[in-house]
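Residue-level structural notes
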Amino acid sequence: MGFVVTEFIPPVIQEKTACPAGTVLKIRDQYLHDLPEAERARLSLKENEKELVTKWQTSVFGPNNTNICSQPDMFSRPEMRTVQSKFALGLHLDGGKDDSCEHDEFTTPDGQTGIDNQEYRVMGCTLEMRGTDGIKGDAAVGMRQFHASGEWTQVILLHGVDSLENDPDVEVIYANTPDRPTQDSMGNFLRGASFSISTKPPRERNVLHGRIVNGVLTTDTKDIKLVQTWGQGGARDLRGNRSKYDFRRGKMQLKFQSDGSVRGMVGGYKPVWDVIQSASIGGVGSALVAGIDCAQYLQTLRKYADGIKDPKTGKCTGVSSAMQLTAIPAFVNDIPAAPAIAQRSAK
Amino acid sequence: MMTRAFTRKAVAGALLAASALSFGMTASQPSPSEAQVAAPAPAAPLQIVAMRRISEAQYRNTIADIFGPDIRVAGRFEPIVRPAHELIASGASDAAISPTGIENFDAMARVIAAQVFDEKHRGQFVPCTPADAKAGDDACAKATLAPLGRYLFRRALSDSETAFYTQLAGEAAAKSGSFWKGLELSLAAMLVSPNYLYVIERAEADPANPGQMRLDNHTRATRLAMMLWNSGPNEALLKAAEEGRLTDQAQLDAVASRMVNSPRFEQGVRAFFADMLLFEKFDDLAKDPVVYPYFNQEVAAALPEQTLRTITDLLLTRNGDYRQLFTTNRTWMTRVLGPLYQVPVHRSAGWEPYDFKAGDDRAGILGQAGFLSIYSHSGRSSPTLRGRAIREVLMCQPVPNPPGNVNFTAVQDIHNKATPTARDRLQQHATDPTCSGCHRITDPVGLSLEKFDGIGAFRATENDTPISSAGTIDGVDFQGAEGLGKLLSESPATTQCVASRALEYAVGKPAEDSSVIEAMDKKFGASGYSIRSLFLTVATLPEAWRVKGATIPDNAKVSLTGTNLAGRAASKR
């Protein structure tokens, strides 16, 4: 039973109580916001726009040609607006383990408690994730394009499924494929296409074990890695390199739908750096063009980190995270078994 | 590849920027000196009995065979019109070329010639070094152009032709200051000559039947090559023609036998079935993307290939029975087609065999999306078009065209809840007595394929109403493509049809003598309906090489070894 992932986006609940003060301020607005009232009023005048632009743009640079996105550790920034609602989508990840750090848990709109999603708590009020008034954020739009390109395309292959309602023993292959999905004229992926799983770098193949209970497939906790290719550039020597989705102690939770698709979540703990990786790779452009304050994001993420505890410091270095996933039926060819290695002659 | 016959010799030469156009003459407009050079050839007891324009595929294959597959053929080919209920091969016998078509051929010829004599390739085709690369060299030009002309014209050039093309090269070289540009222009002129663009069939007196005519050796070589390999004759065939071996029945049999057992026969079989099954319809195939999201240009390109692979795999690779084309569950699949058929495809690229499960209604080529989509409308299926195609294309039973004033409202109203399925709509339409006569012979056949929509994708319902795949042909009831395929495989009409089409394909006109077809079909059956056997029969059929009708009057004869201009010059005298 195979599927190709059609939707892989940060789960956002559009509700007024999530970000009561509005979305996270862009650098320009944050700069104005931090000024004394009189100065803020002066620079807000149209005739002072040029001065304002010069000043806020200057603020993104540090010494030695550093900038707020390429070297976010070098900048001290105020904490960003975070999600205030008690509702979020996600997974229950910590499971009572003692390697988590103190954090509040969310509840899903349908009443599931214990949801760990600190990435959403921190990033859920950014314009990139939330969008505006019912319009999906850039993250959701961009993700679809990445998955359609064959760069990130993900497939799921289930082995040993005897019942879609209850089955205690299911093997889940969750992998990347180099094959581009076939799309209709509206850009929708077509059902019944064939894909091959490839482990040829940079692609990944995760083998998970799971169980189906009441039509919901949940996998056991295990690290999950998936391809993630961001743009080139940046000063962290990531140019030309490929990053990964790195879900530590990850799991999937998928519900079988009547139309043959599956919908649900995949998540785990992400290193905090990974959350801002895309913006950081964008370098100064992310700050000047998109107005993203990478340093602010990073500092806030560190504050709310709830996983990947450093055994030396005892501090958490990752945030619980989840992606909303939809997958439609597909034919998935797994990689053939590795050929047996010829035995070396004893002589 | 014929190019191996040429001595490989590196020839250094400067590339000139000047194009052939700057010479003040074009390949299709011979220089004034042509008439002077092209003296009439010695009279030969031959008559032109037919001229058939070569197809795009034959043009491309010939160029690839002579010059190599890396020589690019770029341009638009004027299509050959298919006569009603006939093959394009028959249309080729009446095909003219419009002025625009000639311009296109001229442009293509120049592109080809420029590649042949560029620095990368000229060493393969020029067996000599010009005395001066900046001037003409008649000896070297002749040594280069005469062998190429022999392959292009499918016979040795006459002395006058050789002199003409050599002189053309010399004059062009003088004007351009480049020996290579001269060769280019001369070769381009050959490529737009009727001697290349048309297969000129010639007849000679038949010594075994005094007073009768038969096709001569070179015509036989060309017909064998075009029919069986869809290309011009190779060195062996030309040599056989030059030695007069192809008018000897035993030697003709041996040559034809070798040709149908060659891997190149697949090229010929593909061309034949593309013609018989009206594959030119794929060129204009368009579907509504909203109605059919699974259809796109990649799918459109893959569909004819799937059917041709099915045909060649069954008939050639597995040496199967032609009748199994209507029942086989084996086809070929590619990633592009997988979603349309909703089947897994293992290979990320290329084609792989696929066997539909026993009992699957995808039996035979009638269950393939290629046939089903070209005989449908852009937004709906058409039992009438499908039924008509089965009658006309596969059974050679022509169906009259509908009258011009037909009211199609009932069949086009596909969202009418009172007539949710095509069967319902056609029943209403067929109540009109002016329509029912033809629909009676097409619709009961085509309705059996209604579980396949307008692109050949499976569907169980239409407008939420279950679809029936019940059909009737010639009074026999059946179910679905599988039932239809079984009946067609048992029908003598299908084997007689392909036999007559094969003969038509070879001779360029519809078969007229039903007794010949019946005899061919009998032999076809005795061979287990082997397509190799059928084409071997056609290729060696004595009747196919005879020329019927009165001999052409002397004053209408055209010189066969000179250019057309030479012929005209001779007749004026």
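Sequence order sets the numbering: in each chain, residues are counted from 1 along the sequence as written. Written order decides the labels, with chains lettered from A and ligands numbered from 1. Totals for whole chains, interfaces and linings use every residue, but because this is a predicted model, local features are given only for residues with pLDDT of at least 70 and side-chain atom pairs only at 80 or more, for both listing and counting.

Helix numbering and strand numbering both begin at the N terminus, where a helix is a DSSP run of H or I of at least 4 residues and a strand a DSSP run of E of at least 2. Of regular secondary structure, chain A possesses 10 helices and 11 strands. At 22 Å, chain A has a C-alpha radius of gyration in line with the 20 Å of a compact globule built from 347 residues. Each principal axis of the C-alpha distribution contributes one length, and for chain A these read about 75 × 55 × 55 Å. For chain A, buried positions account for 44% of its 347 residues. We compute the radius of gyration from the C-alpha atoms alone; for a globule the expected value is 2.2 Å times N to the 0.38, where N is the number of residues. Between the buried cut of 20 or more and the exposed cut of 12 or fewer other C-beta atoms within 10 Å of a residue's own C-beta lies the partly exposed class, and all C-beta atoms are placed from the backbone.

So, on to the overall build of chain B. Check the secondary structure of chain B and you find 26 helices and 10 strands. Put simply, chain B has 573 residues, and 49% of those count as buried.

Let's shift gears to the sheet that holds strand S10 (residues 546–547) of chain B. All names here are of chain B. By this definition, two strands are paired if DSSP reports at least two bridges between them. Spatial ordering of the open sheet is given by S1-S2-S3-S10, a layout of four strands whose pairing is antiparallel. The sheet is open, and its two borders are formed by strand S1 (46–53) and S10, each paired with just one other strand. By the bridge criterion, three bridges tie strand S2 (residues 198–205) to strand S3 (residues 213–215) in an arrangement that is antiparallel. Note on S3: the bridge partner recorded for Ala203 is Leu215. A pair of residues counts as a contact when their C-beta atoms, built from backbone coordinates, are separated by no more than 7 Å. All axes here are fitted lines through C-alpha atoms, helices being fitted over the stretch that makes contact, and every angle between N-to-C directions spans 0 to 180 degrees. Relative to S2, helix H10 (residues 217–229) is tilted by about 140°, and along the sheet it contacts S2 and S3.

By convention here, the domain bounds are inherited from an automatic or database domain assignment. Each assigned domain of chain B is listed with its residue range as follows: domain 1 (2–18 + 32–198 + 237–246 + 560–572), domain 2 (270–490) and domain 3 (492–547). Grouping the constituent residues of the side of domain 1 of chain B that touches domain 2 of chain B by class yields four nonpolar, one polar and no charged. In this count, Pro and Cys sit with the nonpolar residues alongside Ala, Val, Leu, Ile, Met, Phe, Trp and Tyr, while Asp, Glu, Lys and Arg are called charged and the others, Gly among them, polar.

Our focus in this paragraph is the confidence of the model for chain A. Residues and elements named next belong to chain A. Confidence of the predictor at the level of single residues is captured by pLDDT, which takes values from 0 to 100. On average, residues of chain A score 87 in pLDDT, and 91% of them reach the 70 mark or higher. In the predicted structure, residues 232–237 sits below a pLDDT of 50 and forms 17 contacts with residues beyond four places in sequence or in another chain. Within the model, the stretch residues 338–347 combines pLDDT values under 50 with zero contacts to residues more than four positions away or in other chains.

Facing the 11 residues of chain A at the interface are 11 residues of chain B. Counting only elements with at least two residues in the side of chain A that touches chain B, the list comes to strand S4 (194–196) and strand S11 (316–333) of chain A. Here the side of chain A that touches chain B is built from residues that sort into three nonpolar, six polar and two charged.

Note on helix geometry: an α-helix contains 3.6 residues per turn, so any two residues three or four positions apart are oriented the same way. Residues and elements named next belong to chain A. Taken across its 11 residues, helix H10 (residues 294–304) has nine buried, putting it largely inside the fold. Taken together, the buried positions of H10 are occupied by Cys294, Ala295, Gln296, Tyr297, Leu298, Gln299, Thr300, Leu301 and Tyr304. Looking at the buried positions of H10, the neighbouring elements they touch are helix H4 (118–123), helix H7 (272–275), helix H8 (277–281), helix H9 (284–288) and S11.

Our next topic: the nonpolar core. Grouped together as the largest cluster of nonpolar side chains are 223 residues, with contacts concentrated most on Val4, Val155 and Cys294 of chain A together with Leu191, Leu224, Leu228 and Ala502 of chain B. The greatest single-element share of this core, amounting to 10 residues, is contributed by S11 of chain A. Setting aside its immediate chain neighbours within four residues, Leu191 of chain B contacts Ala109, Ile112, Ala113, Leu152 and Tyr196 of chain B. Connectivity within a nonpolar core runs through C-beta atoms within 7 Å, and the core itself is a set of buried Ala, Val, Leu, Ile, Met, Phe, Trp, Tyr and Cys residues. Membership of the second largest hydrophobic core comes to six residues, among which are Ala203, Met213, Trp545 and Val547 of chain B.

Time to look at the pairing of S2 of chain B. Of the pairings in the sheet, the one linking S1 of chain B to S2 of chain B comprises seven bridges and is antiparallel in character. Along S2 of chain B, the bridge assignment pairs Ile48 of chain B with Arg202 of chain B.

Before going further, it helps to examine the confidence of the model for chain B. Residue and element names in this part refer to chain B. With 88% of its residues at a pLDDT of 70 or more, chain B has an overall mean of 86. Long-range and interchain partners of residues 1–44, a stretch whose pLDDT sits below 50, account for 96 contacts in this model, where long-range means more than four residues apart. With pLDDT under 50 throughout, residues 559–573 is counted as low confidence; its partners more than four residues away or in other chains account for 36 contacts. Quick note on the complex model: pTM equals 0.83, ipTM equals 0.82.

Here the focus is the environment of Asp283 of chain B. Position of Asp283 of chain B relative to the elements: it lies in the loop between helix H13 (265–276) and helix H14 (297–317). Separated by 34 residues in sequence, Asp283 of chain B and Thr317 of chain B have C-alpha atoms that sit 27 Å apart.

Residue and element names in this part refer to chain B. Close contact between H10 and H13 brings their axes to 6 Å; oriented N to C, the two are set at 75°. Relative to H13, the element H10 is oriented roughly perpendicular. In contact with Met227, Leu228 and Trp229 of H10, H13 contributes Phe265, Gln267 and Gly268. The residue makeup of the contact of H10 with H13, split by class, is four nonpolar, two polar and no charged. Roughly parallel refers to an angle under 35 degrees, roughly antiparallel to one over 145, roughly perpendicular to one between 65 and 115, and oblique to any angle outside these ranges.

Residues and elements named next belong to chain B. Phi is positive for Arg154, close to 65°, though the residue is something other than glycine. Relative to the elements of secondary structure, Arg154 occurs in the loop between helix H6 (138–153) and helix H7 (159–176). Using a count of 25 C-beta atoms within 10 Å as the deciding quantity, one classes Arg154 as buried. Its identity as a non-glycine residue notwithstanding, Asn463 has a phi of 50°, on the positive side. Tracing the sequence through the fold places Asn463 in the loop between strand S6 (461–462) and strand S7 (465–466).

On to helix H23 (residues 514–526) of chain B. Residue and element names in this part refer to chain B. Taking 1.5 Å of rise per residue, the 13 residues of H23 would be expected to cover 18 Å, and the 18 Å separating its terminal C-alpha atoms lies within 8% of that figure. Those residues of H23 that sit buried are Ile517, Met520, Asp521 and Phe524. Mapping the buried residues of H23 onto a view down its axis gives an arc of 100°, with all of them on the same face. Exposed residues pointing more than 90 degrees away from the buried face of H23 are listed as Ser515 and Ala526. Tucked inside the fold, the buried residues of H23 contact helix H22 (492–507) and helix H24 (531–540). Positive backbone phi, approximately 80°, marks Gly528, located one or two places after H23. Helix span, expected: 1.5 Å multiplied by one less than the number of residues in the helix. The arc in question is traced by the directions running from the helix axis to the C-beta atoms.

With that settled, the discussion passes to the packing of H6 of chain B against H7 of chain B. Residue and element names in this part refer to chain B. It is at 9 Å that the axes of H6 and H7 come closest, and there the two elements cross at 125°. One element, H6, and the other, H7, form an angle in the oblique class. H6 and H7 meet at a crossing whose hand is right-handed. Across the interface between the two elements, Asp138, Ala141, Lys142, Leu145, Ala146 and Gly149 from H6 touch Glu161, Thr162, Tyr165, Thr166, Ala169 and Gly170 from H7. Considered class by class, the residues forming the contact of H6 with H7 number five nonpolar, four polar and three charged. By definition, turning the near helix anticlockwise from the far helix through less than a right angle yields a left-handed crossing, and turning it clockwise yields a right-handed one.

By the element assignment, Asp253 of chain B lies in helix H12 (residues 249–260). Once the C-alpha coordinates of Asp253 of chain B and Gly136 of chain B are considered, the two residues, 117 residues apart in sequence, prove to be 45 Å apart.

This paragraph deals with the pairing of strand S8 (residues 243–256) of chain A. All names here are of chain A. Within S8, 10 of the 14 residues are buried, which leaves it mostly tucked inside the rest of the structure. Alignment of strand S6 (residues 216–219) against S8, held across three bridges, turns out to be antiparallel. For Leu217, the partnering residue across the bridge sits in S8 and is Leu254. Relative to S8, strand S7 (residues 222–228) is paired through six bridges, and the arrangement is antiparallel. When the sheet's bridge partners are listed, Val227 is paired in S8 with Lys244.

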